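Each chain is listed here by its residues.
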Amino acid sequence: MKHFALGVPVGFCHRAKSLTPPFGGVVIANSMTSANPAPIHYRLGLNQPAHSPTAKRMAEMAEAIGRETDGGFILEVHPESRLGPDPQMFADVQKGTLEFYLSGATLGGVAPTSALPMLPFAFKNSRSVFAALDGGLGNVIRGELARAGLHAFRHSLQNGFHHITTSVRPIRTASDFDRLKIRTPGGAIATDFFQTMRADPGMVPFSGMYEALKTKRFHGQSDPLGVVQSLKLYEVQTYLSLTSHWWSGFTLLAHAAAWNALPADIKWVIDRNVEAYAKRQRADVETVNADGEAALAECGMIVNHADIASIRGRLGDFYMRWKAKYVPATWRLLEAHADGLG
């Protein structure tokens, strides 16, 4: 019998003969009816699998918003990049052809400060990250996004701390990164980090990562353990090296004009439910990631703990470069909650 927890298979690893990614299925959307003859219809695009805690919580959030507005606001949730890969969805929410988008590491071009939580080894736990993002550092990021025409909701979602999976060799020390072709989640910090580690970083959209690893376009990739499970990367990757090298999350965005066009009472319902379901999603993903090492070992991955001191030993100039890019006041907002920059 299969047993599931929070949308991720526990104690069961299906290795499909075709090694195809776990995409497909019916678009998640609420199906509420209402006496209102003209409800407002918006769409939310995201890249996460439909069975993931993130997509499930977003669908529950949409249903709750629909109920509490008596069907006056219908939010259709489209997971698995069904509205296009991340670059397209991000461009669409900027243009206003998509109203809501759950963004990952795609914001650095319009909000440079949004990259700071990804600084390697800056944070030791998610609680510290969210203290920064729900507070002063998050206010700076949200201000940058507002100036770019995007409304960012205060409560971001969890993706978690990243580790390295590979098909060619484990990452035990910094030298194991040498000449490793690695898919990154995008952004200048990720590219600089892997180049500093003497790897060969590259990028494909999230929806194309499984195939890129299967065909050996990349030797490895960086993601939290829940993502490795959700995408069944254990089918195309052999080694899991535990590094916790950086944290990443999701920012729920709305096209600013589309958000501002909503009535105040609907905005209030949306804001309240975004907070509630973001916090539930954070807890869900924290649990999945905590159980990930054992689950992926059961799926056949060879697990090791990397020598973090060896990796950090290459990062002295890296930290100096990135600190110089930000005004001191912003860096202090980071340092107020980060516990690994010293």
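In this report, we go over the structure that sits alongside the text. (Residues numbered from 1 in each chain as written. Predicted model: local features only at pLDDT ≥ 70, side-chain atom pairs only at ≥ 80, totals over all residues. Heavy atoms only, no water.)

Looking now at the packing of helix 1 (residues 53–68) against helix 9 (residues 264–298). At a minimum axis distance of 9 Å, the contact between helix 1 and helix 9 shows a crossing angle of 155°. The pairing of helix 1 with helix 9 is recorded here as roughly antiparallel in orientation. Read as a crossing pair, helix 1 and helix 9 show a hand that is right-handed. The segment helix 1 lies against helix 9, with Pro-53, Thr-54, Arg-57, Glu-60, Met-61, Ala-64, Ile-65 and Glu-68 engaging Val-269, Ile-270, Arg-272, Asn-273, Val-274, Tyr-277, Arg-280, Gln-281, Asp-284, Val-285 and Val-288. (Axes fitted to C-alpha atoms, helices over the stretch in contact; angles between N-to-C directions. Helix = DSSP H or I, 4+ residues; strand = E, 2+ residues; numbered from the N terminus. Parallel < 35°, antiparallel > 145°, perpendicular 65-115°, else oblique. Left-handed = near helix turned anticlockwise from the far one by under 90°. Contact = heavy atoms within 4.5 Å.)

One open sheet holds the six strands; their spatial order is 10-9-11-8-12-14, and the pairing between them is mixed. Edge positions in the open sheet fall to strand 10 (200–202) and strand 14 (302–305), since each of these has one partner strand only. Across the sheet, the mean angle separating the axes of adjacent strands is 25° when strand polarity is ignored. By the bridge criterion, four bridges tie strand 12 (residues 239–242) to strand 14 in an arrangement that is parallel. When the sheet's bridge partners are listed, Leu-242 is paired in strand 14 with His-305. Running at roughly 160° to strand 10, helix 5 (residues 188–196) makes contact with strand 8 (163–166), strand 9 (181–183), strand 10 and strand 11 (220–223) of the sheet. (Pairing = 2+ DSSP bridges.)

On to the pattern of salt bridges. Side-chain pairs of opposite charge can arise where the charged atoms are in close proximity. One pass over the full model with this rule turns up nine salt bridges. One salt bridge in this structure joins Arg-272 and Glu-68, with 2.3 Å as the shortest N-O distance. In this pair, Arg-272 is assigned in helix 9 and Glu-68 in helix 1, connecting sequence segments 204 residues apart. Of the residues examined, Glu-68 reaches a relative accessible area of 36% and is grouped as partly exposed. Arg-82 serves as the salt-bridge partner of Glu-80, at 2.7 Å between the closest nitrogen and oxygen. Given the relative accessible area of 7%, Glu-80 is considered buried. Judged by its relative accessible area of 24%, Arg-82 falls in the partly exposed class. Sharing partners across several salt bridges, the network here consists of Arg-57, Glu-60 and Asp-284. (Salt bridge = Lys/Arg side-chain N within 4 Å of Asp/Glu carboxyl O. Buried < 20%, exposed > 50% of the residue type's maximum accessible area, 1.4 Å probe, protein only.)

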